[in-house]
Amino acid sequence: MGLMLLFGLFALGLFMGAPVAFALAFASVVTFAFEGLPLQIAFQRFSSGVSVFSLLAIPFFIFAGELMLQGGIATRLVRLAAAAVGSIRGGLGTVNVTASMFFGGISGSAVADTSALGSILIPVMKEKGYDADYAVNVTVTSSIAGIVIPPSHNMILYTVAAGGGISISSLFIAGIVPGVLMCLFLAVAAYAVAVKRNYPAEDFPGWQALLIAFLVSIPGLLTAVIIVGGTLSGIMTVTESGAFGAIYAVIVTAFVYRELTWEGFKRAVLNAVTTTSMVMILVAAANAFAFLLTIYRVPEQLTMLLQFVSDNPIVILLMLNLILLMLGMIMDMAALILITTPIFLPVATQLGMDPVQFGIMLMMNLGLGLCTPPVGSCLFVGCVIGGIGIEKAVRTMWPFYLAILVALLLVTYVPAISMTLPNMLT
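Every value quoted in this text rests on a predicted model; they were computed, and no experiment measured them. (Residues numbered from 1 in each chain as written. Predicted model: local features only at pLDDT ≥ 70, side-chain atom pairs only at ≥ 80, totals over all residues. Heavy atoms only, no water.)

What follows is about unusual backbone geometry. Positive phi values are uncommon outside glycine, yet Asn198 reaches one of about 60°. Mapped onto the secondary structure, Asn198 falls in the loop between helix H12 (176-197) and helix H13 (207-233). The phi dihedral of Arg258 is positive, around 55°, even though this residue is not glycine. One can find Arg258 in the loop between helix H14 (238-256) and helix H15 (262-295). (Helix = DSSP H or I, 4+ residues; strand = E, 2+ residues; numbered from the N terminus.)

This part covers empty space enclosed by the protein. Summed over the entire model, instances satisfying the criterion amount to one cavity of 30 Å³ or more. Empty space within the largest cavity amounts to approximately 30 Å³. Forming the walls of the largest cavity are Thr303, Leu306, Gln307, Ile316, Val347, Gln350 and Leu351. Elements that contribute at least two residues to the lining of the largest cavity include exactly helix H16 (298-309) and helix H18 (333-350). In terms of residues, the lining of the largest cavity owes the most to one element, H16, which gives three residues. Taken together, the residues that form the lining of the largest cavity break down as four nonpolar, three polar and no charged. (1 Å grid on protein atoms, 1.4 Å probe; cavity = no way out; pocket = protein on both sides within 12 Å on 5 of 7 lines; lining within 4 Å. Points joined across faces, edges and corners; volume = space filled by probe spheres on them. Nonpolar A, V, L, I, M, F, W, Y, C, P; charged D, E, K, R; others polar.)

All right, on to the packing of aromatic side chains then. In total, this model carries eleven aromatic pairs according to the counting rule given. A ring pair is formed by Tyr158 and Phe358, whose centres lie 6.3 Å apart and whose planes are at 45°; its orientation type is tilted. Here Tyr158, found in helix H10 (residues 153-161), pairs with Phe358, found in helix H19 (residues 355-369); they are 200 residues apart in sequence, far enough to count as distant. Comparing Tyr158 with Phe358, the two get one shared label, buried. An aromatic cluster is built from Tyr130, Tyr134, Tyr199 and Phe400, whose rings are joined through pairwise contacts. (Phe/Tyr/Trp six-rings, centres within 6.5 Å; stacked < 30°, edge-to-face > 60°. Buried < 20%, exposed > 50% of the residue type's maximum accessible area, 1.4 Å probe, protein only.)

A water-sized probe rolled over the atoms picks out the places where empty space is left. Its volume calculated, the largest pocket comes out at about 1100 Å³. Broken down by secondary-structure element, the contributors of at least two residues to the lining of the largest pocket are helix H2 (20-34), helix H4 (57-70), helix H7 (110-127), H10, H15, H18 and H19. Sort the elements by how many residues they give to the lining of the largest pocket and H15 lands first, with eight residues. Here the second largest pocket defines a volume of roughly 310 Å³.

On to the packing of H4 against H14, then. The N-to-C vectors of H4 and H14 enclose an angle of 20°; their axes lie 8 Å apart at closest approach. With respect to H14, the axis of H4 lies roughly parallel. The interaxial crossing formed by H4 with H14 has left-handed handedness. Residue-level inspection shows Ala57, Phe60, Phe61, Phe63, Ala64 and Leu67 of H4 in contact with H14, the latter providing Val238, Thr239, Gly242, Ala243, Gly245, Ala246, Ala249, Val250 and Thr253. Residues that form the contact of H4 with H14 fall into these classes: eleven nonpolar, four polar and no charged. (Axes fitted to C-alpha atoms, helices over the stretch in contact; angles between N-to-C directions. Parallel < 35°, antiparallel > 145°, perpendicular 65-115°, else oblique. Left-handed = near helix turned anticlockwise from the far one by under 90°. Contact = heavy atoms within 4.5 Å.)

A separate point is the environment of Ala224. Tracing the backbone shows Ala224 in helix H13. Sequence spacing of Ala224 and Ala249 is 25 residues, and the spatial spacing of their C-alpha atoms is 9.9 Å.

We now examine a nonpolar patch on the surface. Taken together, the side chains of Ile314, Val315, Leu318, Leu322, Met326, Trp398, Leu402, Val406, Leu409, Leu410, Tyr413 and Val414 make up a nonpolar region of the molecular surface, amounting to roughly 1000 Å² of accessible area. On the secondary structure map, Leu410 appears in helix H22 (residues 398-413). A relative accessible area of 30% places Leu410 in the partly exposed class. (Patch = residues over 30% accessible without salt bridge, like charges linked within 9 Å, V, L, I, M, F, W, Y side chains within 5 Å. Areas by Shrake-Rupley, 256 points an atom, 1.4 Å probe, with all protein chains shown as cover. Salt bridge = Lys/Arg side-chain N within 4 Å of Asp/Glu carboxyl O.)

This paragraph deals with helix H20 (residues 377-386). Along an α-helix, a turn takes 3.6 residues, which lines up residues three or four apart on a common side. Taken as a whole, H20 has its buried residues at Cys378, Leu379, Gly382, Cys383 and Gly386. For H20, the buried positions fall inside an angular range of 125° around the axis, keeping them on one side. Residues of H20 that are buried make contact with H7, helix H8 (132-142) and helix H21 (390-395). (Arc of directions from axis to C-beta.)

Another aspect to go through is the packing of H10 against H18. Where H10 contacts H18, the two axes come as close as 9 Å, and the packing angle between them is 35°. For the element pair H10 and H18, the recorded crossing hand is right-handed. In this structure, H10 contributes Asn154, Leu157, Tyr158 and Ala161 to the contact, and H18 contributes Met333, Ala334, Ile337, Leu338, Thr341, Pro342 and Leu345.

Before going further, it helps to spend a moment on the confidence of the model for the chain. In the predicted model, the chain carries a mean pLDDT of 84, and 98% of its residues have values of at least 70. Across the chain, H22 holds the top mean pLDDT of 94, while H16 sits lowest at 75. (pLDDT = per-residue confidence, 0-100.)

As for its placement among the helices and strands, Ala110 is situated in helix H7. Assessed through its relative accessible area of 4%, Ala110 is described here as buried. Along the primary structure Ala110 and Val20 are separated by 90 residues, whereas in three dimensions their C-alpha atoms are 19 Å apart. Those residues in contact with Ala110, other than ones at most four positions away along the chain, are Ser143, Ile144, Ile147, Leu370 and Cys378.

If you want it as structure tokens, here you go:
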């Protein structure tokens, strides 16, 4: 009865349009009272949820991403991608995917990727004769690279939701190969659609222009090297590397590229504070919610249910993917990471899946939800920039969905794709 009350009140809050964090908090507090547990415990769970040192890295990651968005790094990465792969048939589609891989590996945010690169590339693609739906589809789906390729603040949320026993460094390393693999599949899909629609290829600017574009983009690319390299080397904690990354982003955008204005800096600070506040409130509420899930033994019950349906690990993992895909269509990614990790991680580990591999599978799975209606935030941003309706974009997005699903299934069933680098380097 208590479990039904917990999920029922949460669903009611979402149906009434309440923010996810408030729906989680309300459902948790009422369920604590229903079970006769002291409400002090509920509020202790709220506070303990955000009293995790590694969470301090999140505002630094978000701030660094906002600075890059305001300071011209995205523009230079687009130029580098255009010089490198623009001469391929339908070259701007491949440029879009490649730029997302570069920028996503710096900003760590899919929405920032969509906003920054979409604002640059979608108008250019439309001007060059590309259909608006194609421009939006490529931009939106390739933005998931920011979630999988390190650094990613969503990976930090996953380690917190998993109880803090998972190495953030291992997660960062594990995301490199799956992220690049997914971008390769998306580039193939972009090329295939471009050939079918007879889109043009751009002229190759020459090796000198490519070298110049690379040299100019190096200061921006070094942001990711500082954040990820500092963590992996053991010289800095993930929080310290995030802080140094944010400081370096200020130096590069203000004094090297000289495109960060005072207004842009204030806008970056405001956006970072707003996003961080939303994330922290969500973490606090989700911690109390997860505490109740543990009391009600939801992970154990779910494991028994899935094993009742089938005892084949391949089938159970497929069911987990389907459940996560459906949840990703109706809920925000950060909330789902915090809610589903305590439920599904024990199921995956019982099947022999490493928690790091499950984390990458979770990132890709829920990242796809950012590109799907009805609540896909990347899809909304891309459609607004492209000036088309969501239904028009989704109708022709299936080749890109398919590319991501193929990469997801490979990560799910071939552990070596995500685990080889962590096993070698950690």
